[in-house]
Amino acid sequence: MGNPRIAVLVVEDEAVIRTSIVEELEDAGFEVFEASNAAQAIEILIANSRIEVMFTDVDMPGGVDGLKLAASVRDRWPPIKIIVTSGHRSIDVDALPVEARFMAKPYDPNAVIRSIGEMTLN
């Protein structure tokens, strides 16, 4: 049996953007879960302990933005690597949880794939 695929959770409220990055990640060989808001993301994380990376947008509906979600995930699931993205804000690295990265939109899907690979090297 080969190596298990790296599981990634994509959290993005814009369906077209979410579908696009999900397809890119799946094509790159990742197992991908998707959520449109923080509440869905937490439910998916509770149900899927094999998720290693969360890729989340900052601006989302529902009262919990991507930064609050990232902080919550870091507190509850410290091993999960986090990439935060935004097309409206530039996020200072100091505002991110430890070991998290920021990517401005529009991002290059290949850069996302490379970052996930770098972050999950054992």
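All of these numbers come straight from a predicted model, not from anything done at the bench. (Residues numbered from 1 in each chain as written. Predicted model: local features only at pLDDT ≥ 70, side-chain atom pairs only at ≥ 80, totals over all residues. Heavy atoms only, no water.)

(A) Region of the structure containing the pattern of salt bridges. Here the structure, examined in full by the defined rule, presents 5 salt bridges. Between Lys105 and Glu12 there is a salt bridge, and its shortest N-O distance comes to 2.7 Å. With Lys105 in the loop between strand 5 (101-104) and helix 4 (109-119) and Glu12 in the loop between strand 1 (7-11) and helix 1 (15-27), the pair connects residues that are 93 residues apart, well separated along the chain. Comparing Lys105 with Glu12, the two get one shared label, buried. A salt bridge links Glu118 to Arg101, with the shortest nitrogen-to-oxygen separation between them at 2.8 Å. With a gap of 17 residues between them, Glu118 in helix 4 and Arg101 in strand 5 connect regions that are remote in the sequence. A relative accessible area of 44% places Glu118 in the partly exposed class. Using a relative accessible area of 30% as the deciding quantity, one classes Arg101 as partly exposed. Overlapping salt bridges bring together Glu12, Asp57 and Lys105 as one network. (Salt bridge = Lys/Arg side-chain N within 4 Å of Asp/Glu carboxyl O. Helix = DSSP H or I, 4+ residues; strand = E, 2+ residues; numbered from the N terminus. Buried < 20%, exposed > 50% of the residue type's maximum accessible area, 1.4 Å probe, protein only.)

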